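Coordinate analysis (summary)
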Amino acid sequence: MSPNRQPNAQGDRGAWARRHNHALVSLARRVWQDDCTLENAFAVICETAAETLEVERVNIWRHDTEARLLHCLHHYERSSGRHTRPCDAPLRVGNDYSDALGEVRVINLGTLEREGDDSGLGEYLRRHGIGSLLDAPVRSAGELLGVICHEHVGPPRVWSPEDQAFAGSIGDYVAMAHEIDRRRRLEGRVRYLELHDPHTNLPNRDHLLEVVHSALRPMHGGDNGLVAIHLNLDASPHEGDAGHELLAEAAAKLRVELDGSATLARVRGNAFAVLPHRHLHETEALNLAERCIDLVQGHLDQRRTATIVTAGIAFSRDLAAPSADNLLRNAETASQNARTARMVRCEIFDAERHRGLVTRLRLERTLREAFEAGDMRVHFQPEVDLDSGRWVAAEALLRWCDGDGRCRPAREFIDIIEGCGLIVPIGRWILHEACRMACQWPLRDGRGPKLRVNLSARQFSQAGLVEDVVAALSGSGLQPGRLCLELTESALLPDVDAAAQTLTRLRELGVCVALDDFGTGYSSLAYLKRLPIDVIKLDQSFVAGLPDDPYDLAIVQAVAGLARKTGVDVVAEGVETRAQARTLRECGVARAQGYLFSRPVDHETLLQGFAAV
């Protein structure tokens, strides 16, 4: 049927309607494929529209509502089969046309008098010999995005109702293609953010795991395999953690050094991982790791940031079975070993140590099961008044009753539960359990003994810490003033300003704060000035030399004097002899704990000790 056809018979109109519907169904199957890009969708839509409506040209335009301009996004010419995106200037349209786009389903310009229209649209039609237009607005979520124009070259043409309905559907298809592309781009952006570090724009650990996993799959034995290098930046407590800006600068320098020869990722707060794109022998891997260390260390030294950079290297050949996670863990373990040694900048993962890692993982699983089964206990280390000898406070201590009936102290497994994050739920449980027990302690002169509970660095960094403390106090009924939370310097180090805010909120509850192991860290005196501290616990390393070591004696005297002047209480740890206790009392230290007075005890024994006169 010719373009000027007028299907009056019901059968003819039905046949054309079916043809149009078949075209739309086929179009849907081709366009809504996962691998169909927006440009490909535009091409298929334009081809289908041109063939079905038997027009020479189909254009998709973006509409600039304020300027009343049309910008061509895609042009299709049926006779040549050519798809282009013209670079012509935008097409200015009249107010009537622009307004109609926002109101109607299709614009039928089949009776347009080309010679009498001097608008931008009229000039466009005359230039291309277009006698009729059938335009369908493209709308998404009520917003006008643009228009798809079906352009008949030659004499004016009358568009049938079926043609107009089909054109309106084509406009809907363009809108859906645009929406699908928008959602894909949004999902792609979300996926990108999920797999990249926002500060350095590097792949994160999850992304690197995917890369390693894909690389491990085709490997089959032999000496070939992957190498993973873990770079750790251990910031000095004098300076605090290396900030995001410094890490971004270090990442930029590593990118230049690697020059596309390896995948660089940020896998921890202060750590990078390097995955070379080819297998490296041990010497080559060491040389690359040393170059990376020198590069980052030199940059941080230049910025006067006191940071120690260490590296760990792991080879996939040492894995019992292909595992991306284990390869990265092995490299991190080697880096940690180098950091612990302090005299070594780089270490290679020793496959023999893997057995210890497996044992550690098994113990981690056992500890999780023990916690869930209720096999954890709270014991207490009494604190005494050096003048009266009375038990006046107690520090809550974690104990694990293992399957052999032993009650194991926390020092045997604390690094494991801290490393795997189990310390957070266990620490929360200790806080609640200890507060509940402290409510049973006998009063003396209307006052109950003080309860001291340790907080790990991971606990302290949790956003819900203050809420946990509030819940423990309200759930047990313990007076806030009887609770003292103990923190080590490592818990305060990462962000002193944030730590100060958290400690202030805790003190507003009425809770006391103690600085544990005082004197062993880098900045203990600075913390007394910057942070709201109520109690300092003098580390046992300064008590052990009393009364004979003049340096220990001078330190204890200085700390006691400083505490008196600042209104901070002092508790000495690790007291084992009467001479030590006497010297501490002479120096002005009023309270202490240690084996001289009592070893850690269960709750029943603690109650008896509190009740003793």
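That block above? That's the structure.
Each value, and the rule that gives it
- Residues numbered from 1 in each chain as written.
- Predicted model: local features only at pLDDT ≥ 70, side-chain atom pairs only at ≥ 80, totals over all residues.
- Heavy atoms only, no water.
- Helix = DSSP H or I, 4+ residues; strand = E, 2+ residues; numbered from the N terminus.
- Contact = heavy atoms within 4.5 Å.
- Areas by Shrake-Rupley, 256 points an atom, 1.4 Å probe, with all protein chains shown as cover.
- Core = buried A, V, L, I, M, F, W, Y, C linked by side-chain atoms within 4.5 Å.
- Buried < 20%, exposed > 50% of the residue type's maximum accessible area, 1.4 Å probe, protein only.
- Pairing = 2+ DSSP bridges.
- Expected span 1.5 Å × (residues − 1).
- Arc of directions from axis to C-beta.

Across its full length, the chain holds 21 helices and 21 strands. Here the analysis covers contacts within the chain between residues at least 6 apart in sequence; of these, 65% occur between residues at least 24 apart. As presented, the chain carries roughly 30,100 Å² of accessible surface, and 48% of it is formed by carbon and sulfur atoms.

Attention now moves to the nonpolar core. The biggest cluster of nonpolar side chains holds 77 residues, and the ones touching the most others in it are L451 and L483. For this core, the element with the most residues is helix 12 (residues 423–438), which contributes nine residues. If sequence neighbours within four positions are ignored, L483 has contacts with L431, C435, K450, L451, V453, V469, L473, L478, V511 and C512. One finds L24, V106, A167 and A175 within the second-largest nonpolar core, a separate group that totals 32 residues.

The next subject is unusual backbone geometry. Trans is the prevailing form of peptide bonds, just as negative phi is the prevailing case for residues other than glycine. Cis peptide bonds are those with omega within 30 degrees of zero, and the linkage from L546 to P547 qualifies with 0 degrees. Relative to the assigned elements, P547 resides in the loop between helix 18 (540–543) and helix 19 (550–566). Although it is not a glycine, D445 adopts a positive phi angle of roughly 55 degrees. Tracing the backbone shows D445 in the loop between helix 12 and strand 16 (450–455).

Another aspect to go through is the pairing of strand 2 (residues 69–77). Strand 2 sits mainly inside the fold: seven of its nine residues count as buried. As judged from the eight bridges shared by strand 1 (residues 57–64) and strand 2, these two strands associate in the antiparallel manner. Within strand 2, the position partnered with D64 by the bridge is L69. Between strand 1 and strand 2, which pair antiparallel in sequence order, lie four residues; one of them, R68, sits at a positive phi of approximately 55 degrees. Direction of pairing for strand 2 relative to strand 4 (residues 91–92): antiparallel, over a ladder of two bridges.

Another aspect to go through is helix 9 (residues 324–341). Taking 1.5 Å as the rise per residue, helix 9 with 18 residues should run 26 Å; its terminal C-alpha atoms sit 26 Å apart, in good agreement. For helix 9, every residue scored as buried is listed here: A324, L327, L328, N330, A331, E332, A334, S335 and A338.

What follows deals with the environment of R390. Along the chain, R390 falls in the loop between strand 13 (376–385) and strand 14 (391–401). Along the chain, R390 and F597 lie 207 residues apart, while their C-alpha atoms are 9.6 Å from each other. Beyond its immediate chain neighbours, meaning those up to four positions away, R390 contacts E383, V384, D385 and R444.

Another aspect to go through is the pairing of strand 17 (residues 483–487). Counting buried positions over the five residues of strand 17 gives five, a clear majority of the element. In strand 17, alternate side chains face the same way, and those of L483, L485 and L487 on one face and C484 and E486 on the other are all buried. As paired elements, strand 16 and strand 17 share five bridges and run parallel to each other. Paired with N454 across the bridge in strand 17 is E486. Two elements, strand 17 and strand 18 (residues 512–518), share four bridges in a ladder whose sense is parallel. Along strand 18, the bridge assignment pairs E486 with A514.

This paragraph deals with helix 16 (residues 496–508). The end-to-end C-alpha separation of helix 16 is 18 Å, in line with the 18 Å expected for 13 residues at 1.5 Å each. Turning to helix 16, its buried residues are V496, A499, A500, T502, L503 and L506. One side of helix 16 carries all its buried residues, which in axial view fall inside an arc of 170 degrees. Seen from the buried face of helix 16, the exposed residues on the opposite side, beyond 90 degrees, are D497, Q501 and E508. A positive backbone phi angle near 100 degrees is found at G510, which sits one or two residues after helix 16.

Read these as geometric descriptors, not functional statements.
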